[in-house]
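# Results of the structural survey
Chain residues, written in single-letter form:
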Amino acid sequence: MKFGLIGTNWITDRFIEAGITVPEFELHSVYSRTIERAQSFAEKHHIPNFTDNMDKLLNDEAVDIIYIATPNILHHQQAIQAMNRGKHVLCEKPIATSEKNFNLMYQAMENNDVFFMEAMKSIYSPSFNKLHEWIKEIGIIRRANFHYNQYSSRYDKYKDGIVENAFKPELGNGALMDLGVYTISPLVNLFGMPKTIQATGKLLSTGADGQGTIICNHHYMTSVLSYSKIIDSHLPSEIIGEEGIILIDKISAPNKVQKLNRHGEVIDEIVSDAPPMSYEIAHFIEAIKNKDFKALNLETSHQTMKVIDEVKKQIGILIK
């Protein structure tokens, strides 16, 4: 499968590093807003074609899949453009900035008979997939604590009066969109849409959120989701049942996952050792080859956007 890339930031570097470990992954072209940046990135990664013309990229019949890694606010527009040209789309998280925009993307997929998927690396790792089995083995689930708190170097600049993209709400950025999504997506993937949502957040002077906490209730369990770009935390996430506990080393990229009994004794463990993004790439390629629509997990992406919209309403972030 030949990939065309939109976006040349650090996440695209990571994507390529993971992709080259996937047998059917092939780099074909890259787009950037400036030809100098496109050429520099292409030379860095030995990509045969580069351009600063979006139409040229999307009209290239050799391209099978477009990977989008641009500011969040651009995701739905660029994905729809690509799908309207008959390209499959793998779009970085969050897949869109609102449920409304997600629905527009979904419609474009159906109209053009192509596939699109959110590049939510966490839910495609073998370690995460094991959770679907293990949550049936630890009794009735009563609580989940998922968190992703990672101090951003850009916050230091913010405190010095320099506002970079990470804290610009007009780009669809902020703690909820950049980090909180990593706690919401696994929750709805494992347990479905919450029945109730309560959210609080810390808004910065730019209008972007620096951190937040979400309390979700299902019929039988409560979950606490916390995320921040202005503090660090190094504790594992956990799922707690009446008969046992599951520890997840990092909810954004599960690597080591352990199943414990009530006394804290480890009774099973799984480790995913490949680059985290390699699993989503391989999964998407297989879904396309097998025409497996269900494998795209679009219901997870849809429910995630519904939760994000509700959180934004409650903490005062404009929905775009």
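Only a predicted model underlies this, so the values are computations on that prediction, with no experimental measurement involved. (Residues numbered from 1 in each chain as written. Predicted model: local features only at pLDDT ≥ 70, side-chain atom pairs only at ≥ 80, totals over all residues. Heavy atoms only, no water.)

### Examining the overall build of the protein chain
- Helices and strands together make up the secondary structure of the protein chain, namely 10 helices and 14 strands.
- Here the protein chain has a C-alpha radius of gyration of 20 Å; the compact-globule value for 320 residues is 20 Å, and the two agree.
- In the protein chain, which comprises 320 residues, the proportion classed as buried is 55%.
- In the protein chain, 68% of the contacts between residues at least 6 apart in sequence involve partners at least 24 apart.
- Accessible area for the protein chain stands at about 14,100 Å²; split by element, carbon and sulfur atoms hold 48% of it. (Helix = DSSP H or I, 4+ residues; strand = E, 2+ residues; numbered from the N terminus. Rg over C-alpha atoms; globule rule 2.2 N^0.38 Å. Buried < 20%, exposed > 50% of the residue type's maximum accessible area, 1.4 Å probe, protein only. Contact = heavy atoms within 4.5 Å. Areas by Shrake-Rupley, 256 points an atom, 1.4 Å probe, with all protein chains shown as cover.)

### Details of helix α6 (residues 126-134)
- Taken together, the buried positions of α6 are occupied by S127, F128, L131 and W134. One side of α6 carries all its buried residues, which in axial view fall inside an arc of 105°.
- Taken together, the buried residues of α6 touch α8 (175-191), β11 (237-241), β12 (244-248), β13 (256-261) and β14 (266-271). (Arc of directions from axis to C-beta.)

### A closer look at the sheet that holds strand β7 (residues 141-149)
- Ordered in space as β8-β9-β10-β7-β11-β12-β13-β14, the eight strands form an open sheet in which the pairing is mixed. The open sheet has two free edges, formed respectively by β8 (196-203) and β14, since each of these has just one partner strand. Direction aside, neighbouring strands of the sheet carry axes that sit 10° apart on average.
- Where β13 lies against β14, five bridges are found, and the strand directions are antiparallel. Residue pairing across strands places L260 opposite V266, the latter belonging to β14.
- Across the face of the sheet, α6 comes into contact with β11, β12, β13 and β14 while running at roughly 145° to β14.
- Where helix α10 (residues 298-315) meets the sheet, its contacts fall on β8, β9 (209-217) and β10 (222-228), and the angle it forms with β8 comes to roughly 55°. (Pairing = 2+ DSSP bridges. Axes fitted to C-alpha atoms, helices over the stretch in contact; angles between N-to-C directions.)

### With respect to the sheet that holds strand β6 (residues 116-119)
- Sheet architecture is open: six strands sit in the order β3-β2-β1-β4-β5-β6, paired in parallel fashion. Both edges of this open sheet fall to β3 (49-51) and β6, since each of them pairs with a single strand only. Strand-to-strand twist of the sheet, defined as the mean angle between neighbouring strand axes without regard to direction, takes the value 20°.
- Along the sheet, helix α9 (residues 276-290) contacts β1 (2-6), β4 (65-68), β5 (88-92) and β6; its crossing angle with β5, the most-contacted strand, is approximately 160°.

### Overview of the packing of aromatic side chains
- One pass over the full model with this rule turns up 12 aromatic pairs.
- Each ring, one from F15 and one from Y67, has its centre 3.6 Å from the other, and the planes form 5°; the classification is stacked. Remark: Y67 occurs in strand β4 and F15 occurs in helix α1 (residues 10-19); sequence separation between them is 52 residues. Both residues of the pair, F15 and Y67, count as buried.
- Judged by centre distance (5.8 Å) and plane angle (45°), the rings of Y158 and F167 are tilted. The same class applies to Y158 and to F167, which are both buried.
- Members of the aromatic cluster, joined through ring pairs, are F3, F15, F25 and Y67.
- Geometry around F167 places K229 over its ring, the cationic atom sitting 6.0 Å from the centre. (Phe/Tyr/Trp six-rings, centres within 6.5 Å; stacked < 30°, edge-to-face > 60°. Lys NZ or Arg CZ within 6 Å of the ring centre and 35° of its normal.)

### Brief notes about unusual backbone geometry
- In this chain, K93 is followed by P94 through a cis amide linkage whose omega measures -15°.
- Along the polypeptide, P94 turns up in the loop between β5 and α5 (99-112).
- Of note, the phi angle at K291 is positive, near 50°, even though the residue is not glycine.
- Here K291 lies in the loop between α9 and α10.
- Among the residues examined, K291 registers a relative accessible area of 71% and is labelled exposed.
- Unlike most non-glycine residues, N297 shows phi in positive territory, near 55°.
- Of note, N297 is situated in the loop between α9 and α10.

### Here's the deal with the nonpolar core
- Counting residues in each nonpolar core, the largest one holds 93 residues, and the members touching the most others are L5, I214 and I239.
- Looking at this core, the element that brings in the most residues is α8, giving 11 residues.
- Within the second largest apolar cluster, six residues are counted, among which are Y155, A166, F167 and I230. (Core = buried A, V, L, I, M, F, W, Y, C linked by side-chain atoms within 4.5 Å.)

### So, the side chain of H88
- Locating H88 in the fold gives a position in strand β5.
- Residue H88 is classed as buried on the basis of its relative accessible area, which comes to 18%.
- A distance of 3.0 Å separates the side chain of H88 from the backbone nitrogen of F115, its partner in a polar contact. (Polar contact = N/O pair within 3.5 Å; in protein donor to acceptor, adjacent residues only side chain to side chain.)

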